[in-house]
Amino acid sequence: MEVKERYLNSPLAYELYQAIAHLPLICPHGHVDPRLFAETDYPFGTPVDLLIIPDHYIFRMLYSQGIALESLGIPRRDGAPVETDHRRIWQIFADHFYLFRGTPTGIWIKDELEQVFGISEKLTSSTAQAIYDALADKLTQSDFAPRRLFERFNIETLATTDTATDPLSYHTQMRASGWPGNIIPTFRPDAVVNLDSPNWLDSIHQLSQVSRIEVGSYASFITALENRRAFFKQMGAVATDHAALTAHTEHLTAATAEAIFARALSGNLHADDARRFTGHMLIEMARMSVEDGLVMQLHIGAFRNHNPHIYEYFGRDMGADIPIQTEFTRALKPLLDCYGSDPRLTLILFTLDETTYSRELAPLAGHYPALRLGPPWWFFDSFNGMARYFDQVIETAGLYNTAGFNDDTRAFPSIPARHDVWRRASANWVADLVMRQIVDDEDAAEMMHDLAYGLAKRAYRMGEKA
Amino acid sequence: MEVKERYLNSPLAYELYQAIAHLPLICPHGHVDPRLFAETDYPFGTPVDLLIIPDHYIFRMLYSQGIALESLGIPRRDGAPVETDHRRIWQIFADHFYLFRGTPTGIWIKDELEQVFGISEKLTSSTAQAIYDALADKLTQSDFAPRRLFERFNIETLATTDTATDPLSYHTQMRASGWPGNIIPTFRPDAVVNLDSPNWLDSIHQLSQVSRIEVGSYASFITALENRRAFFKQMGAVATDHAALTAHTEHLTAATAEAIFARALSGNLHADDARRFTGHMLIEMARMSVEDGLVMQLHIGAFRNHNPHIYEYFGRDMGADIPIQTEFTRALKPLLDCYGSDPRLTLILFTLDETTYSRELAPLAGHYPALRLGPPWWFFDSFNGMARYFDQVIETAGLYNTAGFNDDTRAFPSIPARHDVWRRASANWVADLVMRQIVDDEDAAEMMHDLAYGLAKRAYRMGEKA
Amino acid sequence: MEVKERYLNSPLAYELYQAIAHLPLICPHGHVDPRLFAETDYPFGTPVDLLIIPDHYIFRMLYSQGIALESLGIPRRDGAPVETDHRRIWQIFADHFYLFRGTPTGIWIKDELEQVFGISEKLTSSTAQAIYDALADKLTQSDFAPRRLFERFNIETLATTDTATDPLSYHTQMRASGWPGNIIPTFRPDAVVNLDSPNWLDSIHQLSQVSRIEVGSYASFITALENRRAFFKQMGAVATDHAALTAHTEHLTAATAEAIFARALSGNLHADDARRFTGHMLIEMARMSVEDGLVMQLHIGAFRNHNPHIYEYFGRDMGADIPIQTEFTRALKPLLDCYGSDPRLTLILFTLDETTYSRELAPLAGHYPALRLGPPWWFFDSFNGMARYFDQVIETAGLYNTAGFNDDTRAFPSIPARHDVWRRASANWVADLVMRQIVDDEDAAEMMHDLAYGLAKRAYRMGEKA
């Protein structure tokens, strides 16, 4: 048996990994709830509260094998009863943990139990309750409170993702507490920018309130957004985040933008209004980024809430978002015509369509000064996903037009496991380049440092120089 | 020279392969002619009858290098003369066998000669006639008759593919003979469902006859199909099979379906009728599967009969079908909205567009309880095709949302070689997971058993429990 | 540390590589300036003239990191001043050479310095000026003049690419000089065929002049093109080359073709005229190839001049061409319906959309006698690009429906490095097939010879027999 170091392809990969394994974590994009850090010892709850209920990677797999979300304790929107016995839920999870063989979720859970909670026994039907006990016990200890884990995880910066109308109260509370953990907000205006968002009008009202600017027109909408960006920046934000179904961009005249906005306010959108307005606002957001220096992130290609039953009973972010074919070359051209060559803009692109890596994204990022490629995202945040990314992106874009890693997770305790996967995947890739004499040892060491730390820090303008 | 065990990447892969090499073959989808087994000693004919004339993988490659199909003995539709000297045809094949270097066809032929017929000499111009003699000699022996090979191949179940109007006479004859080989039909209604099929009206007349239901309306069409499904099920069928150019599904009202069907009967189809009706019938077929429990297979994306000259002179299935770009996320939504979450449905998807693996199929199968992914199909039933499939599918879908292997072949004696390729490809993949400590030995052993045997049996509801 | 032979995966790959490393280079497609060889000792100029200014692979990467093209000495169309101090430009290049880690450009430059110029020191900020000195010194020596390098590189045939209206004066001069280097032209009519080319009317006037046929109609246009093809063939050409945004082909009636051509002459093109005319002319060019035996090359999928600022100030071929999604199965059908099965045609296809490899191109080339697949092109002319090509193409198309390698470069001194990458990538691929017993040693040796030499020679009808 030729078993190797965990996840690694060669002794050299291990050597390269070891040299950067201790570096602090840069987490420039994610969905951790800032409430966890607002108070000193925020309680995670039960093992199921911690690991199952908030993690759609886990319950989508169980659902795909016929397990009802109700039996996993996922709350229903209509308040209908769901399973409340967390030991029983945990048993179902353990009974089906074999489903995660070879998946990143399987790797993360195993690593998390072992590295964060010191539980190295294999999770099976028969070990389920003992592991539940051990976990539940840890979760009562203040050593396992969020702030303590943040410190232990050696996180240098953690960015949360916050709606444009969020008052950022937890961030304020955190700072006021004197705790030195560097947790910063990210400005995400989708709910007010995408005219077809559920409850768009409510969001606009909130925007008026929080910005103290009456948003009754496109012009005041723009002013309110600029106001909120300034507030986020003052609260430490370094970036904005935007999600769209497609990468469509187009420049509307002020008159057209006003007319569409007025139709949205009166609830009379024309067929293509929402798509065109989003496409226009992406260019506007790039313009604001040029002006205020916030890094712009753009995530493309998720068909949201594909399963209407799940949406009806459980709402959004329930594992029912499915990727679609994506096009960047033509779609982004109007934006790039305006700002693609402007060094004041950093625009980081994310895709769910891997065919765009070598065909569009790497050639674009290898040319336009404003562009950087985000790491493999969502379904591709995995060993194979990362290997394909390195394989298909770097030869054309170069390493230095990429943005390093981000964990993109709402599962706070999985953060070290996710960064560790990236660092080991990076080591596999770089080691192969060294062994084939494509880069030398000196290059390799610098590349490893950049992959683990420098690239993310520079792309998000956190002060690291090249 | 570091030569390894045949097709395997590591000693561990060999170990894993060895442990499951003896398992019986489950063949839930294929195109073997049931006539082979209807009588005791059905004769295969010459080596060319066995290996060249029925195998479009072989003659398409020879054709691509300028060899006329006539010179290979492929019969013309117009009855024009073709080569009848099978020794001469065999010589052409041997002279050009180098064309198959590195192809799955090359692997299958070599393995078939060696493992089935005991011929280990390399096929070249100079060995051609001696190998022909040896093969022809074997084919006269009753040990090499189809039923004997079926037993020797250790096939547990073999599914054929049969049109909806097929009376299944050979299946009946086989059962009546008392031979215990488990050969079952599969219900394939394309010829009556796709309104633009050649000879659709003839097929509808046959449907009326065989079902004893006068198909004069959409309503009677549905009843006749339900009648045929019941007959197939009674004859042992566990599945249906559907081919379509795209994955388009849409729900028509009964009135619209009736109107389109009436137009088809009167030969006055509107432009989009056939596409819409097929899309509607896929949903209807899913509905029937929910009711009768037959597993539904859907094969998408072949542009049939791309070469008009080949079609004119030789007809269909002559190696001139070419894949096209395929979309599932939006196209299947209407069907999945109805039945995707219904555990009574199993819908197995096949694609010729590998870009859909990671982008659409794995995310869909990793969510919807009704969905399973079929193995790599047609052009992708190969070592690289399988490696890409494991690489791109499993991390998101999980192994247990896949349907194991099927050989999909009309070349009966190639069945063991094809399953062997799958089992070795599986061993390569699992061994790599073990060596990198992503799964342990216990997981690996279960995964190998499932890949070789359990997954197919469960997906096709042949009685295996998880 | 398990460092291997340069770029190779195994000792067997090294053995296979060594056996063909000495073979002459066949360069059937490229963009080397024939002027280099017209006179005995054409001077390359400075190291920057040689390596930086003509190579958009290099300056696009520097531009992507915010370095202005002006500072690299790239001439502006408006004659505005640009950097003229080549030592300073070289220093910028060296300071940023780390950007090319893991890229083919990084590999080529390093190999070129070492193998062609004998400079093995690593290019860094501190070695920049010394390497500049060494290079500049070599470039003054007649041993490093283009003709001497051509001989030293062991180039058997080098094809240039020339517009349809090119008088081929340098080729004539070269032949007249008595120098025996075999440099042949390639007929590229894009500028007269694509009606929306910049300066199309000027090109038509040139075509009239050079062909001595007054091009005032579609009919005379066709005659003039046939005239030019005959001239190119007489000058040694073996092939034509065509670039198009899409693979669209369609057959126009003579009347429609005449009408569109007349609209083009009068400057009144309708919306879809250019696209339709190009699609028609591709079929016409295939017809001419059937008649005159010139091999037809078709390059698909580059969105040219994506960045309007770069185009305005620096013109075309400045690294701002970006690939788009490409479709072949339906698009090429009209052409293939006419000539796909005609053995007198060889049509070599190139793509920038790798998803078409396994989905469309390999199935098409594995069927149609006229089709061959060109090697991985442009952004994919790299170790990973080649590995993906072998992986995704050969199992379906077979090796013998591919066209070997071409370097496609305007950077003459990089030619050996590029062929060396292909030969080593080939060795990696073939060695793996041998080690896994998919091919034997005898097959492997023949495959290596074909990959390095025979396939290109046969595909371009340079006299090599199978």
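Being a predicted model, the structure only gives us computed values, none of them experimental.

Rules and cut-offs
- Residues numbered from 1 in each chain as written.
- Chains lettered and ligands numbered in written order.
- Predicted model: local features only at pLDDT ≥ 70, side-chain atom pairs only at ≥ 80, totals over all residues.
- Helix = DSSP H or I, 4+ residues; strand = E, 2+ residues; numbered from the N terminus.
- Rg over C-alpha atoms; globule rule 2.2 N^0.38 Å.
- Buried ≥ 20, exposed ≤ 12 C-beta atoms within 10 Å, placed from the backbone.
- Least-squares fit on C-alpha atoms with pLDDT ≥ 70 in both.
- Contact = placed C-beta atoms within 7 Å.
- Pairing = 2+ DSSP bridges.
- Domains from an automatic or database assignment.
- Nonpolar A, V, L, I, M, F, W, Y, C, P; charged D, E, K, R; others polar.
- Core = buried A, V, L, I, M, F, W, Y, C linked by C-beta atoms within 7 Å.
- Axes fitted to C-alpha atoms, helices over the stretch in contact; angles between N-to-C directions.
- Parallel < 35°, antiparallel > 145°, perpendicular 65-115°, else oblique.
- Left-handed = near helix turned anticlockwise from the far one by under 90°.
- Bend = angle between axes of the 7 residues up to and from the residue.
- pLDDT = per-residue confidence, 0-100.

Visitor: What is the right way to read the overall build of chain A from this model?
Guide: Along chain A, the regular secondary structure elements total 20 helices and 11 strands. On C-alpha atoms alone, chain A measures out to a radius of gyration of 22 Å, which is about the 23 Å that the 2.2 N^0.38 rule sets for 466 residues. Principal axes of the C-alpha set define a box for chain A whose edges measure 70 × 60 × 45 Å. For chain A, the residues scored as buried account for 55% of the 466 residues in total.

Visitor: Please clarify how the relation of the copies chain A and chain B should be interpreted in this entry.
Guide: Both copies of the chain are related through a single rotation about an axis accompanied by a shift along the same axis. Take chain A, turn it by 120°, move it 0.0 Å along the axis, and it overlays chain B with an RMSD of 0.0 Å. What the superposition gives is, in effect, a three-fold axis relating one chain to the other. If distances are taken from each C-alpha of chain A to the rotation axis, the shortest is found for T355 of chain A, at 3.9 Å. A share of only 3% of interface residues in chain A that are also interface residues in chain B marks the association as one of differing surfaces.

Visitor: Honestly, the sheet that holds strand β4 (residues 183–184) of chain A in this entry has me stumped. Any pointers?
Guide: The strands making up a sheet associate through hydrogen bonds between their backbones, and the pairing can be parallel or antiparallel. Residue and element names in this part refer to chain A. With parallel pairing, 3 strands are arranged side by side in an open sheet as β1-β2-β4. The sheet is open, and its two edges are formed by β1 (25–27) and β4, each paired on a single side. The pairing of β1 with strand β2 (residues 155–159) spans 3 bridges and is classified as parallel. Opposite C27, over in β2, you have L158 as the bridge partner.

Visitor: Explain the domain arrangement of chain A here, please?
Guide: All names here are of chain A. For chain A, the assigned domains are domain 1 (11–43 + 153–459) and domain 2 (44–144). A separation of 28 Å is found between the C-alpha centroids of domain 1 and domain 2. Taken together, the contact between domain 1 and domain 2 spans 19 residues of the former and 22 residues of the latter. Sorting the residues of the side of domain 1 that touches domain 2 by element identifies α15 (308–314) and α19 (415–435) as the ones contributing at least two each. Counted by class, the side of domain 1 that touches domain 2 contains 9 nonpolar, 4 polar and 6 charged residues.

Visitor: Any chance you could explain the nonpolar core here in plain terms?
Guide: Generally speaking, nonpolar side chains in soluble globular proteins are found buried as a group. Counting residues in hydrophobic clusters, the biggest one holds 444 residues, and the most contacted among them are V430 of chain B together with V430 of chain C. For V430 of chain C, the residues in contact, after removing those within four places along its chain, are L16, A444, M447 and M448 of chain C.

Visitor: I'm lost on the packing of helix α5 (residues 86–95) of chain A against helix α7 (residues 128–139) of chain A in this one. Help?
Guide: For any two helices packed against each other, one specifies the crossing angle of their axes together with the interaxial distance. Residue and element names in this part refer to chain A. Between α5 and α7, the shortest axis-to-axis distance is 9 Å and the interhelical angle comes to 125°. Comparing the axis directions of α5 and α7 gives the class oblique. Classified by chirality, the crossing of α7 by α5 is right-handed. Contacts from R87, W90, Q91 and A94 in α5 reach A128, Q129 and Y132 in α7. Residues of the contact of α5 with α7, tallied by class, amount to 4 nonpolar, 2 polar and 1 charged.

Visitor: What am I meant to see in the interface of chain B and chain C here?
Guide: Facing 39 residues of chain B, the contacting portion of chain C comprises 37 residues. Among the elements that take part in the side of chain B that touches chain C, helix α4 (residues 56–64) of chain B stands out by supplying 4 residues, more than any other. Here the residues of the side of chain B that touches chain C sort into 18 nonpolar, 14 polar and 7 charged.

Visitor: I'm lost on the relation of the copies chain B and chain C in this one. Help?
Guide: Superposing chain B onto chain C takes a rotation of 120° plus a shift of 0.0 Å along the axis, which leaves an RMSD of 0.0 Å. Comparing interface residues between copies, only 3% of those in chain B also sit at the interface in chain C, which points to a heterologous contact through distinct surfaces.

Visitor: I tried to follow helix α1 (residues 11–20) of chain A on my own but got confused; where do I start?
Guide: Owing to its 3.6 residues per turn, the α-helix aligns residues three or four sequence positions apart on the same side. The set of residues buried in α1 of chain A consists of L12, A13, Y14, L16 and Y17 of chain A. At its buried positions, α1 of chain A is contacted by α19 and α20 (441–459) of chain A.

Visitor: Would you explain the sheet that holds strand β4 (residues 183–184) of chain B in this entry?
Guide: Pairing in this open sheet of 3 strands is parallel, and the strands run β1-β2-β4 (chain B) from one edge to the other. The outermost strands of the open sheet, each flanked by one partner alone, are β1 (25–27) and β4 of chain B.

Visitor: Is there a simple way to think about the packing of helix α1 (residues 11–20) of chain B against helix α20 (residues 441–459) of chain B in this case?
Guide: Residues and elements named next belong to chain B. At a minimum axis distance of 9 Å, the contact between α1 and α20 shows a crossing angle of 55°. The angle between α1 and α20 places the two elements in the oblique class. Where α1 crosses over α20, the handedness of that crossing is right-handed. Listed contacts from α20 to L16, A19 and I20 of α1 are A444, A445, M448, H449 and A452.

Visitor: Would you explain the interface of chain A and chain B in this entry?
Guide: Accessible area lost during the coming together of the parts is what is often quoted as the interface size. The interface is formed by 39 residues belonging to chain A together with 38 residues belonging to chain B. Contributing elements (two or more residues each) for the side of chain A that touches chain B: α4 (56–64), α6 (104–116), α15, β9 (322–323) and α18 (383–397) of chain A. Element by element, the count of residues in the side of chain A that touches chain B is highest for α4 of chain A, at 4 residues. For the side of chain A that touches chain B, the residue count by class is 18 nonpolar, 14 polar and 7 charged.

Visitor: How should I be thinking about α20 of chain B in this particular structure?
Guide: At D450 of chain B, α20 of chain B shows its maximal kink, close to 60°. Two residues or fewer after α20 of chain B comes R461 of chain B, characterised by a positive phi angle close to 55°.

Visitor: Is there a simple way to explain the confidence of the model for chain A in this structure?
Guide: As a note on interpretation, predicted positions should not be read in detail where pLDDT is low. Averaged over every residue, the pLDDT of chain A is 96; the share at 70 or more is 98%. Note on the complex model: pTM 0.97, ipTM 0.97.

Visitor: What is the right way to read the environment of L282 of chain C from this model?
Guide: Residues and elements named next belong to chain C. If you trace the backbone, L282 turns up in helix α14 (residues 273–292). You can call L282 buried: it has 24 C-beta atoms within 10 Å. In contact with L282, other than residues within four places in its own chain, are H242, A244, T249, L298 and L335.

Visitor: Looking at this model, I keep getting lost on the pairing of β2 of chain A. Mind explaining?
Guide: Residues and elements named next belong to chain A. Here β2 lies mainly inside the structure; 4 of its 5 residues are buried. When β2 meets β4, the two strands line up parallel, connected through 2 bridges. Within β4, the residue paired with A159 across the bridge is I184.

Visitor: Even after reading the chapter, I still don't get unusual backbone geometry, so can you show me in this structure?
Guide: Note: most peptide bonds trans; most residues except glycine with negative phi. Residue and element names in this part refer to chain B. Despite not being glycine, L168 has its phi angle at roughly 60°, a positive value. Structurally, the position occupied by L168 is in the loop between β3 (162–163) and α9 (169–176). Look at L168 and you get buried, because 22 C-beta atoms sit within 10 Å. Positive phi is not limited to glycine here, since R461 has a value of about 55°.

Visitor: Is there a simple way to explain the environment of G398 of chain C in this structure?
Guide: Checked against the element boundaries, G398 of chain C lands in the loop between α18 (383–397) and α19 (415–435). Sequence separation between G398 of chain C and P363 of chain C is 35 residues, and the spatial gap between their C-alpha atoms is 9.8 Å.

Visitor: So what exactly am I meant to see when it comes to the environment of R424 of chain B here?
Guide: Mapped onto the fold, R424 of chain B is located in helix α19 (residues 415–435). Aside from chain neighbours lying at most four places away, what touches R424 of chain B is Y7, L8 and Y17 of chain B.

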